Structures are given as structure tokens and as C-alpha cells.
Amino acid sequence: MTDTIHFEGIAAPLLTPNLDTDQIMPKQFLRGIDKAGLDKGLLYDLRYDAGHQLRPEFVLNQPAYHDTAILVAGSNFGCGSSREHAVWGLQQYGIRAVIASSYGEIFYSNAMNNRLLLVMLPEEVVQQIMADVGNPQTSKVTIDVQTMTVTSHSVSAPFSMSERHRHMFMEELDQIGATLAMASQITAFRQRHWEQRPWLKEVAYATKARLKRPWFLRSPFM
């Protein structure tokens, strides 16, 4: 459980604001039928030039940031299309958390539901952390979900998150796991629903069966 409560590692600065999901995961990497290999497409046009050679000046291509686990990003990170592949690609690359002042709304939900931690801090605080991690000697950042605190070389700042998302990280649950944890309550609700509204039970099945009958036998009462 500690692994999803206490995030610590090398953080890399991504200065660009409005870095959208098309840049995070370009469209040519969306052709697969599963999630495999998305790390190769992450930030492809920033990591590689037109000849598909690594850009040595890009931060994630620099030796000091090869083991980056946390991104410190510009505002409105993850805006644009709703592709969940952007989240999966970040996770496959090894990114466990992002720190920014704001996020695209759909990206935020996709990330948190997949347990990619997004921390939101005031822009001036993000800039301070970005200055810290811009120096490889002070690039370590710690994020504690239990105390909801971010610590860098020169900054210790509180952050907030919804109780639902905090619970998911504390209990190592993604959205599906959080739903399954409520299986007994869901079953009880379903039972009450059918008891109170029996005419709705299996209505789709009954309609399908009725439509298979000859037209003169398709009375809803038959």
C-alpha cells in the first residue's frame, strides 16, 4: 500500500503550457487493440525529430532524467481530445505522478481513475518546483497522499484531492476496483429496485422475445 501513498523519485520539468493529449500520445500510436507499447509513442514529436532520431536537448532524453517518475508540467496539461491512451502511455513510460497548476478536465478524470496521480498546485508554487527539478542535482520530489504534501528541494506545499480519489490511492484501487469494492451495496440496490419496480425487470429481454413473434402476436400483454 505504501507504494501508492508515498511517491518519490526524479522529477522532470515540462515547461510547455497547454500540452494536449495529441502531443502526449500522437494518433499513429492509437491503432493497436490493446494497451501494449504505448510508452514508445509518449511525447513522440518532442522526444524525436523528423528523422525519428532522439532529440538530445529534450529533457526526458537527457541521462540525468532517464528514470523520471514525476513530471512537473505547464498549465492546462492534458487538454484536447479524451484519449485514455495518453494516461496509459505515461504510466508505461514510468510516470507515476504529474504536478501542474491545472489539467484538461477529461484527462484529469481518466488519470485519477487509472491511478496516475495528478497534483494541482498554485502556478507560482509549480514554478518553484520546476526551478528545483530543472537542476539534476535537486530533481528529487516526494508526494505523500496520506498527508497530501509535495516536497521538493526548496518547497513543501499542501495539495487537495477529492475524498473518493484519495481513498482509491490509499486502498490501491482503480475505478473498476472501487466499483467492485461496493458489490454488496450494488446487489442490495438492484434487489430493492426490482422489488419496487418488477415490471421493469428484464424488459429488454422480454421486448426482444416479443419482436421475434409473428406481428399478429406482438401484443405487449402476450
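Worth saying up front: this structure is predicted, and the values here are computed from it rather than measured.

Chemist: Got a minute to help me understand helix α3 (residues 85–93) in this structure?
Modeler: In an α-helix there are 3.6 residues to a turn, and that puts residues three or four apart on one side. Where α3 is concerned, the buried positions are H85, A86, V87, W88, G89 and L90. Following α3 by one or two positions, G94 adopts a phi angle in the positive range, close to 115°.

Chemist: Before we go on, may I ask you to explain the packing of aromatic side chains in this structure?
Modeler: How two aromatic rings sit relative to each other is set out by the distance from centre to centre and by the angle between their planes. Scanning all chains against the criterion turns up six aromatic pairs. Look at F7 and F169: their rings are 6.3 Å apart centre to centre, the planes differ by 70°, and that puts the pair in the edge-to-face class. Of the two residues, F7 sits in strand β1 (residues 6–14) while F169 sits in helix α6 (residues 163–170), which places them 162 residues apart along the sequence. Taken as a pair, F7 and F169 share a single burial class, namely buried. Seen from their ring centres, F77 and F107 are 5.5 Å apart, and the 75° between their planes marks the pair as edge-to-face. A residue pair is termed long-range when its members are at least 10 positions apart, and F77 in the loop between β2 (68–73) and α3 and F107 in helix α4 (residues 105–113) qualify at 30 residues. Judged by its relative accessible area of 1%, F77 is buried. Chaining the aromatic ring pairs together yields one cluster made of F77, Y103, F107 and Y108.

Chemist: Hey, could you run me through the domain arrangement of the protein in this one?
Modeler: Many authors give the size of an interface as the accessible area that is lost as the parts come together. On domain assignment, one finds that the protein holds domain 1 (6–172) and domain 2 (176–215). For domain 1 and domain 2, the distance between their C-alpha centroids amounts to 40 Å.

Analysis parameters
Residues numbered from 1 in each chain as written. Predicted model: local features only at pLDDT ≥ 70, side-chain atom pairs only at ≥ 80, totals over all residues. Heavy atoms only, no water. Buried < 20%, exposed > 50% of the residue type's maximum accessible area, 1.4 Å probe, protein only. Helix = DSSP H or I, 4+ residues; strand = E, 2+ residues; numbered from the N terminus. Phe/Tyr/Trp six-rings, centres within 6.5 Å; stacked < 30°, edge-to-face > 60°. Domains from an automatic or database assignment.

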